[in-house]
Amino acid sequence: MASSERLTIDATVARDYLDSRREGHVHAVELFALARKGELELAAAPQGYRLDAQGNLAEKLRATFATESVAVAPQLAYPSEVTYPSEDLFPGAYVEGFGEAWADVAATWRSHEGKPPEGADRFHVETHVFHGRDIFLTDDRSLRVMCRRLYDEHSIPVVALTPAEYLEARSARHATGSLPARCPAPGGERSGRRFLSRRMI
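Now for a quick tour of the structure.

Cut-off values and rules
Residues numbered from 1 in each chain as written. Predicted model: local features only at pLDDT ≥ 70, side-chain atom pairs only at ≥ 80, totals over all residues. Heavy atoms only, no water. Core = buried A, V, L, I, M, F, W, Y, C linked by side-chain atoms within 4.5 Å. Buried < 20%, exposed > 50% of the residue type's maximum accessible area, 1.4 Å probe, protein only. Helix = DSSP H or I, 4+ residues; strand = E, 2+ residues; numbered from the N terminus. Contact = heavy atoms within 4.5 Å. Phe/Tyr/Trp six-rings, centres within 6.5 Å; stacked < 30°, edge-to-face > 60°. Lys NZ or Arg CZ within 6 Å of the ring centre and 35° of its normal. Salt bridge = Lys/Arg side-chain N within 4 Å of Asp/Glu carboxyl O. Axes fitted to C-alpha atoms, helices over the stretch in contact; angles between N-to-C directions. Parallel < 35°, antiparallel > 145°, perpendicular 65-115°, else oblique. Left-handed = near helix turned anticlockwise from the far one by under 90°. Nonpolar A, V, L, I, M, F, W, Y, C, P; charged D, E, K, R; others polar.

If you look at the biggest cluster of nonpolar residues, it comprises 26 residues, and the most contacted ones within it are Leu31 and Leu137. The set of elements that each furnish at least two residues to this core consists of β1 (5-9), α1 (11-18), α2 (25-36), β2 (40-44), α4 (55-67), β4 (135-137) and α8 (163-176). Residue contributions to this core peak at five residues, all from α2. Apart from residues lying up to four places away in sequence, leucine 137 is in contact with Leu7, Thr8, Ile9, Asp10, Val13, Leu31, Leu161, Thr162, Pro163 and Tyr166. Trp109, Met146, Leu150 and Ala160 belong to the second-largest nonpolar core, a separate cluster that totals 17 residues.

In structure tokens:
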């Protein structure tokens with residue numbers, strides 16, 4: 001491939017990789033193996049992970065990111081308990097209108113969409129969008145719904161897939177030599193959205 005896909009993973013994918021008992025373990029292992037071979041690039045949102053994981057789990061995640069070469073994206077410029085002074089913290093590092101769009105979707109959340117995503121989830125998604133990465137990967141169905149609605153209702157450029165969906169689409173690309181026509185929506189349904197990434201698969 002001319003260039004690697006630039007994927008952002010949230011805590012669900014990292015936990016899948018660490019815990020062989022989790023349903024998504026096999027797919028997470030395959031993702032990390034592809035990253036080790038340089039066929040894709042994995043990155044994580046530091047503020048999202050600091051909210052998602054504490055104590056022993058946080059230590060395991062830091063060690064895994066270091067040994068597996070998972071990039072840690074620069075922080076967003078929001079004052080919070082998980083925003084630390086560092087060389088990667090710059091004024092203006094946020095997505096204009098993202099907070100308002102997220103709040104609007106949250107305010108109109110529907111009961112069948114599951115538990116509404118929380119603060120850590122917003123950091124994961126906004127970091128992904130701010131850095132213009134290709135695909136956001138999560139096993140959290142509600143967060144995939146949030147991403148779909150952010151795109152459909154507010155034109156926020158984010159495509160969210162499960163690792164299984166991403167790997168299936170990637171396999172189809174290699175088998176047929178062409179892009180899948182449409183992006184799978186949460187729950188296995190088909191969405192009318194086309195892939196946004198310039199370098200998708």
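What follows concerns the packing of aromatic side chains. With the rule as written, the count across this model stands at five aromatic pairs. Between tyrosine 49 and phenylalanine 65, the aromatic rings sit 5.0 Å apart at their centres with planes inclined by 85°, giving edge-to-face as the arrangement. Taken as a pair, tyrosine 49 in helix α3 (residues 46-52) and phenylalanine 65 in helix α4 lie far apart in primary sequence, 16 residues in all. The two residues tyrosine 49 and phenylalanine 65 agree in class, both being buried. Put simply, the rings of Tyr78, Tyr94 and Phe123 touch in pairs and so form one group of aromatic residues. When the ring centre of tyrosine 78 is taken as reference, the NZ or CZ atom of arginine 122 above it lies at 5.1 Å.

Quick look at the pattern of salt bridges now. For the coordinates displayed, the defined rule picks out 14 salt bridges. Among the ionic pairs, aspartate 19 bridges to arginine 21, the shortest N-O distance being 3.0 Å. Of the residues examined, arginine 21 reaches a relative accessible area of 74% and is grouped as exposed. Between glutamate 113 and arginine 149 there is a salt bridge, with the nearest N and O atoms lying 3.1 Å from each other. Taken together, the residues span a long stretch of sequence, with glutamate 113 in the loop between α5 (98-107) and α6 (119-130) and arginine 149 in helix α7 (residues 141-154) at a distance of 36 residues. On the basis of relative accessible area, arginine 149 is assigned to the buried category, the value being 4%. Look at the salt bridges and you will find they share partners, linking Glu5, Lys37, Glu39 and Arg170 into a network.

Before going further, it helps to examine the packing of α2 against α8. For the pair α2 and α8, interaxial distance at closest approach is 9 Å and the crossing angle is 55°. With respect to their mutual orientation, α2 and α8 come out oblique. Helix-helix and strand crossings are classified by hand; for α2 and α8 the assignment is left-handed. Of the residues in α8, those in contact with His27, Glu30, Leu31 and Leu34 of α2 are Pro163, Ala164, Tyr166, Leu167 and Arg170. When grouped by side-chain class, the residues that make up the contact of α2 with α8 number six nonpolar, one polar and two charged.

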